[in-house]
Amino acid sequence: MFEDMKTITGESGNNERKNSRGIRVGTARINLVCGDITEQETDAIVNAANSSLMGGGGVDGAIHRKGGAEILEECKIIRQESYPEGLPTGKAVMTTGGKLKAKRVIHTVGPIWYGGDKGEQELLSQAYRNCLALALENGAKTISFPSISTGAYGYPIEKASLVALRAVIGFLEKNEGIKEVRFVLHSIHDLKIYENTFTEIS
Ligand code: AR6
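Computed from a predicted structure; not experimentally measured.

Criteria and thresholds
Residues numbered from 1 in each chain as written. Predicted model: local features only at pLDDT ≥ 70, side-chain atom pairs only at ≥ 80, totals over all residues. Heavy atoms only, no water. Phe/Tyr/Trp six-rings, centres within 6.5 Å; stacked < 30°, edge-to-face > 60°. Helix = DSSP H or I, 4+ residues; strand = E, 2+ residues; numbered from the N terminus. Expected span 1.5 Å × (residues − 1). Buried < 20%, exposed > 50% of the residue type's maximum accessible area, 1.4 Å probe, protein only. Near = heavy atom within 4 Å. Polar contact = N/O pair within 3.5 Å; in protein donor to acceptor, adjacent residues only side chain to side chain. Nonpolar A, V, L, I, M, F, W, Y, C, P; charged D, E, K, R; others polar. Pairing = 2+ DSSP bridges. Right-handed = clockwise from strand over helix to strand, strands pointing away.

(A) Layout of the packing of aromatic side chains. Enumeration over the complete set of coordinates arrives at five aromatic pairs. Each ring, one from phenylalanine 145 and one from phenylalanine 183, has its centre 5.9 Å from the other, and the planes form 25 degrees; the classification is stacked. On the criterion of sequence distance, the pair formed by phenylalanine 145 in strand β7 (residues 142-145) and phenylalanine 183 in strand β8 (residues 180-185) is long-range, its members being 38 residues apart. One aromatic cluster is present, formed by Tyr128, Phe145, Phe183 and Tyr194 through successive ring pairs.

See the structure below:
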């Protein structure tokens, strides 16, 4: 399963280290980078949204601010037409990327951490898998994820990184068509945690 594991070292500075750690799974590559999800040029980026789809803080706030009003307009239509009571945890929907470099935004709702015995692990895994399935259905070959649920929703990042990487690897082993899955971690600290988890499971 794991071939070609290497670290590519580039410039550093501004807390935006360009280092990228990656592995190949089948015909796809998983890369870990430190950066801002709203700056990624992948076909799709993932929003760690809430079930209202009406915006919020963290990744959600940054995506709506930079992507512009078109994203919220499409979210309103999705709410009216498909999810009048809100997007359930673990599900995913897609909108335009508006003014972002990425043409599409996939909005998902990660679980709030209640201590680990409320199905958080399965719901987080579902969120990643449903985003990847939606990307594939819509022809997106490259996709960037933030670390879903590990900010406002309080999921411990060591645990979340394991769930995230396992979910993505499992999906890529069963499905062909995605070329790159990029995890965009917002700090060197978070990147290191994902890198350690990567090493543990590989
Ligand atoms: N790029 C990449 N990662 C980021 C960025 C960014 N621009 N900004 C923050 N992070 P969060 P959640 C990291 O809170 O935990 C919102 O209000 C951040 O450091 O964005 O799923 C929604 O509306 C953290 O590691 O998402 C929901 O109500 C990770 O992204 C709620 O927060 C996720 O943090 C969702 O909470």
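Back to the write-up after that little detour.
(B) Broad picture of helix α3 (residues 120-137). With 18 residues, α3 ought to run about 26 Å at 1.5 Å a step, and its terminal C-alpha atoms sit 26 Å apart, in line with that. Residues of α3 that are buried: Glu120, Leu124, Ser125, Ala127, Tyr128, Cys131, Leu132, Leu134 and Ala135. Of the residues one or two after α3, glycine 139 is the one with positive phi, at around 75 degrees.

(C) Spatial organisation of the site of the ligand. Around the ligand, the surrounding shell holds 22 residues, and the nearest of these are Asn50, Gly57, Asp60, Ser149 and Gly151. Within the contact set of the ligand, a nitrogen atom lies 2.9 Å away from a backbone nitrogen or oxygen of isoleucine 37. Between an oxygen atom of the ligand and a main-chain N or O atom of glycine 151, the distance comes to 2.8 Å. Elements that contribute at least two residues to the shell around the ligand include exactly β4 (44-49) and α1 (58-67). In terms of residue count, α1 provides more of the shell around the ligand than any other element does, three residues in total. Split by residue class, the shell around the ligand holds eight nonpolar, 11 polar and three charged.

(D) Representation of the pairing of strand β5 (residues 92-96). Of all five residues in β5, five are buried, a share of seventy percent or more. Relative to strand β6 (residues 104-109), β5 runs antiparallel, the two sharing five bridges. Opposite threonine 95, over in β6, you have valine 105 as the bridge partner.

(E) Looking closely at the pairing of β8. Counting buried positions over the six residues of β8 gives six, a clear majority of the element. Burial of the side chains of β8 extends over both faces: Glu180, Arg182 and Val184 are buried on one face and Val181, Phe183 and Leu185 on the other. In this structure, strand β3 (residues 28-34) lies alongside β8, joined through six bridges in parallel fashion. Bridging from a neighbouring strand, asparagine 31 pairs with arginine 182 of β8. Inspection of the sheet shows β7 paired to β8 by four bridges, in the parallel sense. Counted as the bridge partner of threonine 142 is glutamate 180 from β8. With respect to chirality, the unit in which β7 leads through helix α4 (residues 157-174) into the neighbouring parallel β8 is right-handed.

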